[in-house]
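Topology and contacts: notes
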Amino acid sequence: QVQLVESGGGLVQAGGSLRVSCAASGGTFSTYAMGWFRQRPGLEREFVAASSASAVSTAYRESVKGRFTISRDNAKNTVYLQMNSLRPEDTAVYYCAARTTPRLGVPSFPYEFDYWGRGTEVTVSS
């Protein structure tokens, strides 16, 4: 029903910047809360950032606060994650996710999201 496709991953040097994107199709994007998660091999998937449908509310994991910014363009059915001051520990596959059922607040746990993209790989060299 809902398809999410990430893009924009790549190799960057520590201290550099990168913006990953997630294009959504199907359903009504403007009503979905959207989130970003990341995962490294052998490690658990962890929350990175999320945005309410209106983008009025956002949430970030502590380690990315002040460095990452989630934004969305509902007209383009796209959510972005701008990553600045990248660190080697930011290296991971980044996934976007959608919560299609209206709820209060901003979701931050994997189980709260209904649809997932396949991910885009971000590598930060040390």
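As shown above, the structure is provided for reference.
Thresholds applied
- Residues numbered from 1 in each chain as written.
- Predicted model: local features only at pLDDT ≥ 70, side-chain atom pairs only at ≥ 80, totals over all residues.
- Heavy atoms only, no water.
- Disulfide = S-S within 2.5 Å.
- Helix = DSSP H or I, 4+ residues; strand = E, 2+ residues; numbered from the N terminus.
- Core = buried A, V, L, I, M, F, W, Y, C linked by side-chain atoms within 4.5 Å.
- Buried < 20%, exposed > 50% of the residue type's maximum accessible area, 1.4 Å probe, protein only.
- Contact = heavy atoms within 4.5 Å.
- Pairing = 2+ DSSP bridges.
- Axes fitted to C-alpha atoms, helices over the stretch in contact; angles between N-to-C directions.
- Phe/Tyr/Trp six-rings, centres within 6.5 Å; stacked < 30°, edge-to-face > 60°.
- Polar contact = N/O pair within 3.5 Å; in protein donor to acceptor, adjacent residues only side chain to side chain.
- Salt bridge = Lys/Arg side-chain N within 4 Å of Asp/Glu carboxyl O.

**Re the state of the cysteines**
Scanning all chains against the criterion turns up one disulfide. There is a disulfide in this structure between Cys22 and Cys96, and the S-S distance comes to 1.9 Å. The chirality of the disulfide connecting Cys22 with Cys96 is right-handed, given an S-S dihedral of about 45 degrees. Remark: Cys96 occurs in strand β9 (residues 92-99) and Cys22 occurs in strand β3 (residues 18-25); sequence separation between them is 74 residues.

**What to know about the nonpolar core**
If you look at the biggest cluster of nonpolar residues, it comprises 26 residues, and the most contacted ones within it are Trp36, Leu81, Met83 and Tyr94. Beyond its immediate sequence surroundings of up to four residues, Tyr94 is in contact with Glu6, Trp36, Phe37, Arg38, Val48, Phe68, Leu81, Met83, Gly119, Thr120 and Val122. Within the second largest apolar cluster, five residues are counted, among which are Phe37, Phe47, Ala50 and Ala97.

**Observations concerning the sheet that holds strand β7 (residues 68-73)**
The antiparallel open sheet is built from four strands, whose spatial order is β1-β3-β8-β7. Two strands lie at the open edges of the sheet, namely β1 (3-7) and β7, each paired on one side alone. The mean angle between the axes of side-by-side strands here comes to 15 degrees, regardless of whether they run parallel or antiparallel. Bridge analysis of β3 against strand β8 (residues 78-83) gives six bridges, and the strand direction is antiparallel. Bridged to Ser21 within β8 is Tyr80.

**Some remarks on the packing of aromatic side chains**
Per the counting criterion, the structure on display carries five aromatic pairs. Ring geometry for Phe37 against Trp116: centres 4.9 Å apart, planes inclined by 55 degrees, an arrangement best described as tilted. Of this pair, Phe37 sits in strand β4 (residues 33-39) while Trp116 sits in strand β10 (residues 115-116), placing them 79 residues apart in sequence. For Trp116, a relative accessible area of 27% puts it in the partly exposed group. Here a set of aromatic residues connected by ring pairs shows up, and it is made of Phe37, Phe47, Phe113 and Trp116.

**Focus: the side chain of Thr120**
Position of Thr120 among the secondary structure elements: in strand β11 (residues 120-125). Here Gly9 takes part through its backbone nitrogen, which lies 3.0 Å from a polar atom of the side chain of Thr120. With residues up to four places along the chain from it excluded, the contact list for Thr120 reads Glu6, Ser7, Gly8, Gly9, Val20, Ala92, Val93 and Tyr94.

**A short note on the pattern of salt bridges**
For the structure on display, the rule yields four salt bridges. Residue Asp90 is joined to Arg38 by a salt bridge in which the shortest nitrogen-to-oxygen separation is 2.9 Å. Note that Asp90 is positioned in the loop between β8 and β9 and Arg38 in strand β4, a separation of 52 residues in sequence. As far as burial versus exposure is concerned, Asp90 and Arg38 are alike and both buried.

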